[in-house]
Amino acid sequence: MNKITEYFENLDTKNTVMLVLSVLIVCFIAIYYLNDYFDKKESVLFREKINILKKIRKINSLNNKIMKIKNRNKQLKTEFKDLNSDLIYLLSVIDSSNVLKIDNKKFLKILHSYIKSGTGVNASFDIDKTKKPNKYLLNISGWYNVEKFFDFAYFLKQIESPKAIVTVEDINISKKKEKVFYDMSVNIWSFK
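Quick look at the structure, then. (Residues numbered from 1 in each chain as written. Predicted model: local features only at pLDDT ≥ 70, side-chain atom pairs only at ≥ 80, totals over all residues. Heavy atoms only, no water.)

**Some thoughts on the nonpolar core**
Going by this rule: To qualify as a nonpolar core, a set must consist of buried Ala, Val, Leu, Ile, Met, Phe, Trp, Tyr and Cys residues joined through side-chain atoms within 4.5 Å. We call a residue buried when its accessible area falls under 20% of the maximum for its residue type, exposed when it is over 50%, and partly exposed in between, using a 1.4 Å probe and counting protein chains only. Here a helix means four or more residues in a row that DSSP labels H or I, a strand means two or more in a row labelled E, and each is numbered from the N terminus. Contacts are assigned to residue pairs that have any heavy atoms within 4.5 Å of one another.
In this structure, Leu-138, Ile-140, Phe-155, Ile-159, Tyr-182, Met-184 and Ile-188 are the most contacted members of the largest nonpolar core, which totals 20 residues. Secondary-structure elements contributing two or more residues to this core are helix H3 (104–118), strand E2 (135–145), helix H4 (149–159) and strand E4 (179–189). Per-element accounting of this core gives the leading share, five residues, to E4. In this structure, Tyr-182 is in contact with Val-121, Asn-122, Ala-123, Ile-140, Ser-141, Gly-142, Trp-143, Tyr-144, Phe-152, Phe-155, Asn-172 and Ile-173, ignoring residues within four places of it in sequence.

Here it is in structure tokens:
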């Protein structure tokens, strides 16, 4: 320590000024580089904070979407339960309904009424049955004299009269002289 103190005391003014200036310059350079170093560190930390904030926002957004999906899922489950109970109710109504459930015995009664009302219009029947959907297919063809038009109209009314779901798909009618020829497809639907 004594040597350092003695060295500074022996320095002339010019060298003292140079020494002070060089110490100041070294301090300024050190401060500049340290400041630059800390600015870069701060910038990196700032960018990392921004990236973390972006990830947090993305996580929050995804959590909101998940909550919306969960709520929608709950709604759909509730709707499904309601629809399922409605289906069970409708199936019980179908089972107890005379209109919606047609067995072979009831179909034969309907067919008997068709044959009975179709005698005046010379009807012939071709019968087929499908399983899915369960329905009876009738192809009815025949002819009638022109003056028996009202008998044919009555026959058409009888086709739609049973307590069942009956659809007439198409009717083809053609006239040759005094006879009218017809061909129609009739479906009688049944639900099991």
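**Remarks on the packing of aromatic side chains**
Test applied: Two aromatic rings, drawn from Phe, Tyr or Trp (for Trp, its six-membered ring), form a pair once their centres lie within 6.5 Å of each other, and the interplanar angle then sorts them: stacked below 30 degrees, edge-to-face above 60, tilted otherwise. Criterion for a charge above a ring: Arg CZ or Lys NZ at most 6 Å from the ring centre, at most 35 degrees from the ring normal.
If you walk through the whole model with that rule in mind, you get six aromatic pairs. Ring centres 4.8 Å apart and planes at 50° place the aromatic pair Phe-152 and Tyr-182 in the tilted group. One end of the pair, Phe-152, is in helix H4; the other, Tyr-182, is in strand E4, with 30 residues separating them in the sequence. Considering the side-chain rings of Phe-155 and Tyr-182, the 6.4 Å spacing of their centres and the 55° angle between planes classify their relative orientation as tilted. Residue Phe-155 is found in helix H4, and its partner Tyr-182 is found in strand E4; the two are separated by 27 residues along the sequence. A residue is classified by how much of its surface remains accessible, and Phe-155, at 0% relative accessible area, is buried. Between the NZ or CZ atom of Lys-176 and the centre of the ring of Phe-181, over which it lies, the distance is 5.9 Å.

**Quick look at H3**
Worth spelling out the cut-off: Expected span, for any helix, means 1.5 Å times one less than how many residues it has. Within this analysis, the arc is defined by the directions that extend from the helix axis to the C-beta atoms.
A rise of 1.5 Å per residue sets the reference length of H3, with its 15 residues, at 21 Å; its end C-alpha atoms lie 20 Å apart and thus fit the reference within 8%. Within H3 the residues assigned to the buried category are Phe-107, Ile-110, Leu-111, Tyr-114, Ser-117 and Gly-118. Projection of H3 onto a plane perpendicular to its axis shows the buried side chains occupying an angular sector of 130°, all on one side. Structural note: H3 exposes Lys-105, Leu-108, Lys-109, His-112 and Lys-116 on the side pointing more than 90 degrees away from its buried face. Contact partners of the buried residues in H3: strand E1 (123–130), E2, H4, strand E3 (165–176) and E4.

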